[in-house]
Amino acid sequence: MTMMLTGLRSRKHIAPFDLAWPTSVEECCAWLARSARTAVMAGGLDLIDRMKTGESFDTIVELSGVADLAAIHDTGHELVIGALTTHDLVTRHPAIGLQLPDFARLWRQIANPRVRYTGTIGGNLVSALPHYDALPALLALGGTATIATAASGTQRIALAEPINDGALLVDLRIPTSPRRLLADRSLHPALAVYLGTDISDGRIGALRIAVGGAYARARSVTIPYRGSGQSLGGDAASIAQEVAATLPAPRSDGLATSVYRRRMIEVLTRRLLVRLGSEM
Amino acid sequence: MRTVPLEMTVNGVSRQCDIEPNVVLADVLRDGFGLRGCKVACDQAVCGACTVLIDGRPVAACSTFAFATRGRSVETIEGLASDHVLHAVQTSFLENYGFQCGFCTSGMILSIVALLRTHSTPDETLIRDWLGGNICRCTGYAQIVEAVQLAAATMRGHP
């Protein structure tokens, strides 16, 4: 008899399941409504990892045949990015490069090419592990999401709250009005700070600061602002203080303490504000 | 659990088999087809030892369900040499001491092959970005980066 050593996480722990290969959003929703023990699979990186630790499902709904989930298009006032869009495609799709060049540039720093080819923006958002980047980046960009359920059809939701298990993430929507997105990931995975703002008539608008790595789920705060790049440089320290004081206490774990994280939220936010001001 | 038919191309050869949906690609390659160059180390898509190419792109075979490769082309380290002549990246790793224990090497070489197919003159930053998904605990990477640069020069026809 062959014996095999397996650890707590192993591909040998993946429980049996049946497969579904739908071709439409409606079909996916029907599968999800059928049983709570159904999971959808995009790139599969997180799902397979969870299953290796013992999480099991009766049915896996494989999404690659649903063309509507992979579309990227510009509606004229917002960019619609299908949930199945890979990180790699985010970095090189012409519409994203044209409308959201900061986003495309930042996404080249996410993970490594192997993960970027397989992992999807939707999967990253739904998994939303504390150090994942999609949620804080999209919060800073002022994005929203479209979800679909068998009972309610499609609906637009804010990103701050988690997506319910029975819902299918269809796409992400980001306004195409001029905006900037900056990030400091130098302390990733302990902490990453994203800064987004709308630019109007050459002036900086409300500041959206989103923080990943410091909470169980990324948090954001919006600071009303209207000013020039020069004035933002002068205001950076006080705004960063306000951001750190407004956000809830970060978590403490093996990577960093709550006190350290709060201090670094202030430091990284100030750096990003100064950088934004200098680039205007 | 119902088995599903799997038809794919492995190293240029058409393969068919029936698989259980919960089987990952690494196990089909290793146990089904005897392609043991696909190593499994971390078993969580981090270390890169199990890297193979699917339609030319690097993928972690330990964290890819085999059913997801239906109709696609898989390349493993065993398919890289041509007519018993090593690929330029393999030769460069040998000549420049790009490995010691060798456990990570097949995955690393396949990642680099994918890189050099799309970027003929990668700079060191790009090489290190691509190597970010392949962990080596022996060499310290300096010789690996050098091996990649020299392989790139060879493939451009400037040895």
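Residues numbered from 1 in each chain as written. Chains lettered and ligands numbered in written order. Predicted model: local features only at pLDDT ≥ 70, side-chain atom pairs only at ≥ 80, totals over all residues.

### Some words on the overall build of chain B
Stage number 1. Counting its secondary structure elements, chain B contains 5 helices and 5 strands.
Stage number 2. When its helices and strands are written in sequence order, chain B yields β-β-α-β-β-β-α-α-α-α.
Stage number 3. Taking 15 Å as the expected radius of gyration for a compact globule of 159 residues, we find that chain B reaches 16 Å, a close match to that expectation.
Stage number 4. Each principal axis of the C-alpha atoms in chain B carries an extent, and together these give about 50 × 30 × 25 Å.
Stage number 5. Excluding contacts between residues fewer than 6 apart, the proportion of contacts in chain B whose partners are at least 24 apart in sequence is 60%. (Helix = DSSP H or I, 4+ residues; strand = E, 2+ residues; numbered from the N terminus. Rg over C-alpha atoms; globule rule 2.2 N^0.38 Å. Contact = placed C-beta atoms within 7 Å.)

### Focus: the overall build of chain A
Stage number 1. Regarding its fold elements, chain A presents 10 helices and 12 strands.
Stage number 2. The C-alpha radius of gyration of chain A comes to 20 Å, within 12% of the 19 Å expected for a compact globule of 280 residues.
Stage number 3. Dimensions of chain A along its principal axes, counting C-alpha atoms only, are 70 × 45 × 35 Å.
Stage number 4. In chain A, which comprises 280 residues, the share counted as buried stands at 45%.
Stage number 5. A fraction of 59% describes how many contacts in chain A between residues 6 or more apart in sequence connect residues 24 or more apart. (Buried ≥ 20, exposed ≤ 12 C-beta atoms within 10 Å, placed from the backbone.)

### Description of the environment of Val-170 of chain A
Residues and elements named next belong to chain A.
Stage number 1. Mapped onto the elements, Val-170 comes out in strand E8 (residues 168-175).
Stage number 2. Through-space distance from the C-alpha of Val-170 to that of Gln-155 is 9.6 Å; in sequence the pair is 15 residues apart.
Stage number 3. Residues within four places of Val-170 in sequence aside, it is in contact with Val-25, Leu-69, Ala-83, Thr-146, Ile-147, Ala-148 and Thr-154.

### Some details on the domain arrangement of chain B
All names here are of chain B.
Stage number 1. Entries for chain B in the domain assignment read domain 1 (4-79) and domain 2 (88-155).
Stage number 2. Once you take the C-alpha centre of each, domain 1 and domain 2 turn out to be 21 Å apart.
Stage number 3. Taken residue by residue, the interface counts 16 residues in domain 1 and 13 residues in domain 2.
Stage number 4. Tallied by class, residues from the side of domain 1 that touches domain 2 come to 9 nonpolar, 4 polar and 3 charged. (Domains from an automatic or database assignment. Nonpolar A, V, L, I, M, F, W, Y, C, P; charged D, E, K, R; others polar.)

### Observations concerning the interface of chain B and chain A
Stage number 1. Facing 28 residues of chain B, the contacting portion of chain A comprises 21 residues.
Stage number 2. Counting residues per element, the ones that place at least two in the side of chain B that touches chain A are strand E4 (57-60) and helix H4 (124-131) of chain B.
Stage number 3. The element that contributes the greatest number of residues to the side of chain B that touches chain A is E4 of chain B, accounting for 4 residues.
Stage number 4. The residue inventory of the side of chain B that touches chain A, partitioned by class, reads 13 nonpolar, 9 polar and 6 charged.

### Quick word on the pairing of strand E11 (residues 203-212) of chain A
Residues and elements named next belong to chain A.
Stage number 1. Of all 10 residues in E11, 7 are buried; the element is thus mostly enclosed.
Stage number 2. Here strand E10 (residues 192-200) pairs with E11 via 8 bridges, running antiparallel. Paired with Gly-196 across the two strands is Arg-208, which belongs to E11.
Stage number 3. Counted between consecutive antiparallel strands, the loop separating E10 from E11 contains 2 residues, among which Asp-201 sits at a positive phi close to 55°.
Stage number 4. One ladder, built from 5 bridges, connects E11 with strand E12 (residues 219-223); its direction is antiparallel. Within E12, the position partnered with Leu-207 by the bridge is Ile-223.
Stage number 5. The antiparallel pairing of E11 with E12 creates a hairpin that spans 6 residues between the two strands, and Gly-213 there sits at a positive phi of about 85°. (Pairing = 2+ DSSP bridges.)

### Considering the sheet that holds strand E3 (residues 51-54) of chain B
Residue and element names in this part refer to chain B.
Stage number 1. Overall, mixed pairing links the 5 strands, which are arranged E2-E1-E5-E3-E4 in an open sheet. Two strands close off the open sheet at either side, each with one partner strand: strand E2 (13-19) and E4. Looking at each pair of strands side by side, their axes are set apart by 40° on average, direction ignored.
Stage number 2. As paired elements, E3 and strand E5 (residues 73-75) share 2 bridges and run antiparallel to each other. For Ile-54, the partnering residue across the bridge sits in E5 and is Val-74. (Axes fitted to C-alpha atoms, helices over the stretch in contact; angles between N-to-C directions.)

### Here's the deal with the environment of Arg-217 of chain A
Residues and elements named next belong to chain A.
Stage number 1. The residue Arg-217 is located in the loop between E11 and E12 in this model.
Stage number 2. On a C-alpha basis, the gap between Arg-217 and Pro-136 in space is 9.1 Å, while along the polypeptide they are 81 residues apart.
Stage number 3. With near-sequence residues (within four places) excluded, Arg-217 lies in contact with Ala-128 and Pro-162.

### Overview of the nonpolar core
Stage number 1. The biggest cluster of nonpolar side chains holds 132 residues, and the ones touching the most others in it are Leu-168, Val-193 and Ile-265 of chain A together with Ala-61 and Ile-112 of chain B.
Stage number 2. Counting residues per element, this core draws most heavily on helix H3 (residues 105-118) of chain B, at 8 residues.
Stage number 3. Among residues more than four places away in sequence, those in contact with Leu-168 of chain A are Val-25, Cys-28, Cys-29, Leu-32, Val-40, Ile-147 and Ala-148 of chain A. (Core = buried A, V, L, I, M, F, W, Y, C linked by C-beta atoms within 7 Å.)

### Notes on the domain arrangement of chain A
How big an interface is tends to be stated in terms of accessible area lost as the parts join.
Stage number 1. Segmenting chain A into domains produces domain 1 (16-62) and domain 2 (178-280).
Stage number 2. Using C-alpha coordinates to define each centre, domain 1 of chain A is positioned 36 Å away from domain 2 of chain A.

### Quick word on the pairing of E2 of chain B
Residue and element names in this part refer to chain B.
Stage number 1. When strand E1 (residues 4-10) meets E2, the two strands line up antiparallel, connected through 7 bridges. Paired with Pro-5 across the strands is Asp-18, a residue of E2.
Stage number 2. With antiparallel pairing between neighbouring strands as the criterion, E1 and E2 make up a hairpin whose turn holds 2 residues, including Asn-11 at a positive phi of roughly 50°.

### As for the sheet that holds strand E2 (residues 38-41) of chain A
All names here are of chain A.
Stage number 1. Sheet architecture is open: 3 strands sit in the order E1-E3-E2, paired in parallel fashion. Each having just a single partner strand, strand E1 (18-20) and E2 make up the two edges of the open sheet. Averaged over all pairs of adjacent strands, the angle between their axes in this sheet comes to 30°, without regard to strand direction.
Stage number 2. When E1 meets strand E3 (residues 59-62), the two strands line up parallel, connected through 3 bridges.

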